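Listed here are the chains, written in short residue letters.
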Amino acid sequence: KLSGAIYQDTIPIIHSLGHSMVANSTTANVRWMVSDSVGYESDFERTSSVDRGNPIIVRTITIRGFDASDESVDRELLLNNICAADPVKLSQDYPALGLHRGLLGIAKEIYRDILPYINGVGPMHKIVLTGHSIGGAIANLILFLLTAERGNIYVQDKVKRVFTYGSPPIAVVDEDASSTEKPSYHCSVLETLGLPSDMVFGYIQPLDPIVRFLSRIDSLYPLIGDLGPDGVTLYASGPPRTLRPITRTILEAWEDWPAFRDNYRGVLDQNYSSIGIQHLMMPDTGRYLADRLVNVNINAYEVDEVLRVSSDELYGALEHAFPLDTFQVSLVPTAIRSFVHHFFPAYSEGFEGYVSAIGGDRRDDVVNNEGESKLDQESSLPTASIVDSEIESVKKLKLKKSTDQFGLWVLGGNEV
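Residues numbered from 1 in each chain as written. Predicted model: local features only at pLDDT ≥ 70, side-chain atom pairs only at ≥ 80, totals over all residues. Heavy atoms only, no water.

## So, the overall build of the protein chain
Then, number 1: When helices and strands are tallied, the protein chain shows 16 helices and eleven strands.
Then, number 2: Out of the 416 residues belonging to the protein chain, those deemed buried represent 52%.
Then, number 3: Sequence-distant contacts in the protein chain: of pairs separated by 6 or more residues, those separated by 24 or more amount to 72%.
Then, number 4: If you sum the accessible surface of the protein chain, you get close to 18500 Å²; carbon and sulfur atoms cover 51% of it. (Helix = DSSP H or I, 4+ residues; strand = E, 2+ residues; numbered from the N terminus. Buried < 20%, exposed > 50% of the residue type's maximum accessible area, 1.4 Å probe, protein only. Contact = heavy atoms within 4.5 Å. Areas by Shrake-Rupley, 256 points an atom, 1.4 Å probe, with all protein chains shown as cover.)

In structure tokens:
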């Protein structure tokens, strides 16, 4: 809710959540806020204990994503920074880690402005970072900057978690320098910084194209990489699509498009990876099958299940079960649907509905007969490593598969 509240109705929403506003401002064309609330250590732990322990003060730093409706910021400059995607080093201490140049520059400016609110936390304070879209990416970068300055021991003591929603990947690790031993839910980026993989929880709508942006399964890169000889016609090597003349008209009217195109055509082709433990906000199986087989529903789906995967497995899972083909996203209904699935209501409303459906807002209210939180049941959060075997078993079936298995979402994809 905080990641959505920073876009609109901020004060009423944060007050309804039990937060008080500490500070808010705009830095480098990105809005941020700092709020305080009372929480518990157990809120961030995998426990089914009814005893929540001693209360703590949680200082939450929320970063807003790109807001095209905000005329108070330089949106074109922000867009240019988002697209300045070539990797640079965080510091000499982490030579294997490359980070998104443009967003790292923004994160450094925001970090400078919020540092007094980090330095001002007391012994009973803990810090949470959160954000939607590029806000989540910047939240991760602030975590990295804090680690580089204060060390991973300080960060593990003070920072409880980073929560991101629909955030693009902004980091890459030199494979030769990464560990060959990969524990469960391994994250090579956080490992490089000496941080645990569960320091970051990411939440993803599977049809959101922005979470694939700048990754190996990026369906948006052809907007720059596959242009016709006129420099404005999209998907020059593919079949005609509805969006082509519409987008060409928009680009022809954009005075700075040629400079933008030439500056970023090369640097947008990246292989960044997601960060932390990822959670796929899965739709009801029937809705997805109807979408694939009958017509495209542009509305965001209700969340029927949340599946946990590691950052290393995420793109394989999305590629198998929720393909966003380059030429598919040039069809109007599919393109509209994709970006509807990225807007913050698809995350805030979708996840709120899911939590309410399984029993309420508090973790100690969501407990099964064995005393285990439903949100923490490993059996309901299968990793992407089972996807290949699921696909093969689904292909062999003549009858319907039960609705709690991942294979049904695969049936809704290209396997039909």
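## Here's the deal with the nonpolar core
Then, number 1: Leu143 and Phe144 are the most contacted members of the largest nonpolar core, which totals 67 residues.
Then, number 2: At ten residues, the largest contribution of residues to this core is made by helix α5 (residues 134-150).
Then, number 3: Once you skip the residues sitting within four places of it in the chain, Leu143 turns out to touch Leu129, Val155, Val159, Val162, Leu190, Leu195, Met199 and Val200.
Then, number 4: Counting 33 residues, the second largest nonpolar core, distinct from the first, contains Val128, Ile277, Tyr315 and Tyr347. (Core = buried A, V, L, I, M, F, W, Y, C linked by side-chain atoms within 4.5 Å.)

## As for the packing of helix α4 (residues 101-119) against α5
Then, number 1: Contact geometry of α4 with α5 gives a least axis separation of 9 Å together with a crossing angle of 65°. Judged by the angle between their axes, α4 and α5 are roughly perpendicular. Relative to α5, α4 is oriented so that their crossing is right-handed. Contacts between α4 and α5 involve Leu103, Leu104, Ile106, Ala107, Lys108, Ile110, Tyr111, Ile114, Leu115, Ile118 and Asn119 on the former and, on the latter, Ile134, Ala137, Ile138, Leu141, Ile142, Leu145, Leu146, Glu149 and Arg150.
Then, number 2: Considered class by class, the residues forming the contact of α4 with α5 number 16 nonpolar, one polar and three charged. (Axes fitted to C-alpha atoms, helices over the stretch in contact; angles between N-to-C directions. Parallel < 35°, antiparallel > 145°, perpendicular 65-115°, else oblique. Left-handed = near helix turned anticlockwise from the far one by under 90°. Nonpolar A, V, L, I, M, F, W, Y, C, P; charged D, E, K, R; others polar.)

## Brief notes about unusual backbone geometry
Then, number 1: Of note, Asp9 is a non-glycine position whose phi angle comes to about 50°, a positive value.
Then, number 2: Located in the positive-phi region is Ser133, a residue other than glycine, with phi close to 60°.
Then, number 3: With respect to the element layout, Ser133 can be found in the loop between β6 (125-132) and α5.

## Digging into the packing of aromatic side chains
For any pair of aromatic rings, the description consists of the separation of the ring centres together with the inter-plane angle of the planes.
Then, number 1: For the structure on display, the rule yields eight aromatic pairs.
Then, number 2: Summarising the aromatic geometry, the rings of Trp32 and Tyr117 are spaced 6.2 Å apart at their centres and angled 55° between planes, so their arrangement reads as tilted. Here Tyr117 lies in helix α4 and Trp32 lies in strand β2 (residues 30-40), a separation of 85 residues in the sequence.
Then, number 3: The exposure class of Trp32 is buried, given its relative accessible area of 4%.
Then, number 4: Using a relative accessible area of 27% as the deciding quantity, one classes Tyr117 as partly exposed.
Then, number 5: Following the ring pairs from residue to residue traces out a cluster consisting of Trp254, Trp257, Phe260 and Tyr264.
Then, number 6: Directly above the aromatic system of Phe201 lies the positively charged group of Arg161, at a separation of 4.1 Å from the ring centroid. (Phe/Tyr/Trp six-rings, centres within 6.5 Å; stacked < 30°, edge-to-face > 60°. Lys NZ or Arg CZ within 6 Å of the ring centre and 35° of its normal.)

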